[in-house]
Amino acid sequence: MALERRGEPVRSADPDQPRSGMKQGHTTKPFNISKRAVWAAWKRVKANGGAAGIDDQSLIDFEADLSGQLYKLWNRMSSGSYLPPAVKRVDIPKGDGSMRPLGIPTVADRVAQMVVKQAIEPELESHFHPDSYGYRPGRDAHQALAVTRQRCWQAKWVVDLDIKGFFDAIDHDLLNLALDKHVNERWQRLYLQRWLTAPVQYRDGTQEQRTQGTPQGGVVSPLLANLFLHYVFDRWMQRHWPHIQFARYADDIVCHCHSQAQAQALRAALDARFTACKLRLHPDKTHLVYCPNGDGNPGHWPTTQFDFLGYTFRDRGVRLRTGRLAVGFTPAVSRKAMKRMGGQIKHWNVGKQVHRTVFELARAYRSTLQGWKHYYGRFTRSGLSALWWAFENRLVSWVRKKYRKKNRSAAQAARWLARVRQRYPRLFPHWSSMQC
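The rules we used
- Residues numbered from 1 in each chain as written.
- Predicted model: local features only at pLDDT ≥ 70, side-chain atom pairs only at ≥ 80, totals over all residues.
- Heavy atoms only, no water.
- Pairing = 2+ DSSP bridges.
- Helix = DSSP H or I, 4+ residues; strand = E, 2+ residues; numbered from the N terminus.
- Axes fitted to C-alpha atoms, helices over the stretch in contact; angles between N-to-C directions.
- Contact = heavy atoms within 4.5 Å.
- Parallel < 35°, antiparallel > 145°, perpendicular 65-115°, else oblique.
- Nonpolar A, V, L, I, M, F, W, Y, C, P; charged D, E, K, R; others polar.

Peer 1: Got a minute to help me understand the sheet that holds strand β4 (residues 200-201) in this structure?
Peer 2: Backbone-to-backbone hydrogen bonds join strands into a sheet, with any given pair of strands oriented parallel or antiparallel. What the four strands build is an open sheet, ordered β2-β1-β4-β5; its pairing is mixed. Two strands in the sheet have a free side with no partner beyond their single neighbour: β2 (99-104) and β5 (207-208). In the sheet, strand β1 (residues 87-93) pairs with β2 via six bridges, with the strands oriented antiparallel. Note on β2: the bridge partner recorded for proline 93 is methionine 99.

Structure (C-alpha cells):
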C-alpha cells in the first residue's frame, strides 16, 4: 500500500488492499491518525494540482516516491513531531494594479493540511450560514451571484464590502476562540496552531515569522477564514440585523438594504464591528450602491453599480420571457475580468504560431476558453462577445500568416475559418456563442 515503510515491498497503492496482517487505522502512536486518511488527503491534493513550495518538489516528484513520502508524513503526524516548513510567498497581480500575496506550502504540507481539513470540515459545515458560499462543498460563486441578482430586484440599496488584506489580518487569538468551540482533538489543534505560526519565505530566501493571518493559498486557510467570518460577520448579522439579507463568498460580501438610511446605518455599524475584530473595511472599495432596476436614480446617487465575483451588477437591457425588452439590474462579466482575459489572449500571440495546425491551437486553448465561457457566460452571455471576437481576430491573423497564398485578405481568412467552423462547430468553445 502507499504508506508502507521505505524499502518494504509495495503490493498496492490503494489502502483498500492492505498488506497481509496490517490492521487499518491501528497505531501505537500518541495520535490516532489513520493511514487511509493520509491516502485520501493525497488524492485530493493531487486532483487540485498546484505549484511547488520552498523545496521545489512538484507533485510529480512527490509521487515518484509516494510510498516513502506518505509513510514518513503519517509517521511524523501520528507521533506529533511534524513541523510545517515555511510557506513560499508569491505575489500575484490584481486587476487594480496591486499585488495579491499568496502562500504556497510544500506538497507534503498540503497533504498534511488536507488530513486536518477533511477531519474538521464536517463539524464546521454543520454550523455555517446558508448564505456563505465560498470554498464550501456543494456551493459555488454562481449560486452567490444568482441570489444576489434576485435580491437586488427586491431591495434597492446594497452595501458592497471589501475587507482590506483580510487573509493576512486574521487575529489568531480571536480565531482560536472559534476553534475552541468546534475542534476538540488535540492533534488537530496542535497542527492548526503550527500552520498559523509557520514562517513565510520570500523570493530572496529571507523568512518572516507570522503573528497574525493565515496564508491565502494554504489548503486549510479558506476553512479557517470561513470560521473566522462566521463569528465576526454571519452570526453577528443574524443577531443584530436579522432582516438584512447578504451573500458572502469568503471575504467578498454584499448586503441588501431597503432604504438609504438603513444602508448608511449598517455601513457605520459594520465599520465598528470589523474594527473591534481587528479588521478594516477598505475605504475606497466599500460602497453604498443604489440599484435602479429601471426606475431611475433618486437624488443622482453617485454609485449605481458594483462588482461581485468578477461580474458587474448594473442596469442594462434585458429580454423578458415574453420577448419584450426592458431595463433590469443584472450581472454581466466585469470590465476588469474582460481586461484580464483580453491581456491573456494577447499574451498567447496566436497569430505567430504558424507551426501549429488549427486542431493543435484548439487543444492548446480549449480548456481556458471553456473555463471563461462556463464562469462568465452564466449570466448575460452577450457580455463576452467582445472577448470572443478578439480571439477570432487572432485566429484570422493566424490563417493569413499560415496560408498566405490563398488567404491574403482578412475576408478570405474569415471565410476559411467559417468553413472550418461549419465542419467542426465544437472545435473552439466560443464558436457556439458567436453570431456569425
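Peer 1: What's the story with the sheet that holds strand β11 (residues 325-333) in this structure? I'm lost.
Peer 2: If you trace the three strands from one edge of the open sheet to the other, you get β9-β10-β11, paired in antiparallel fashion. Both edges of this open sheet fall to β9 (306-308) and β11, since each of them pairs with a single strand only. Pairs of neighbouring strands in the sheet enclose a mean axial angle of 50 degrees, with direction left out of account. Strand contacts of helix α5 (residues 141-154): β9, β10 (311-319) and β11, with the helix running at about 60 degrees to β10, the strand carrying the most contacts. Each of β9, β10 and β11 is contacted by helix α11 (residues 335-348), which is oriented at about 50 degrees to β11, the strand it contacts most.

Peer 1: Is there a simple way to think about the packing of helix α7 (residues 172-182) against helix α9 (residues 221-240) in this case?
Peer 2: Two quantities define a packed helix pair, namely the angle between the axes and the distance from one axis to the other. Running from N to C, α7 and α9 cross one another at 95 degrees; their axes reach a closest spacing of 9 Å. Taken together, α7 and α9 sit at an angle that is classed as roughly perpendicular. Residues Leu174, Leu175, Ala178, Leu179, Lys181 and His182 of α7 touch α9, and the partners they reach there are Leu224, Leu227, Phe228 and Tyr231. A breakdown of the residues in the contact of α7 with α9 according to their chemical character gives eight nonpolar, one polar and one charged.

Honestly, it's all geometry; don't read function into it.
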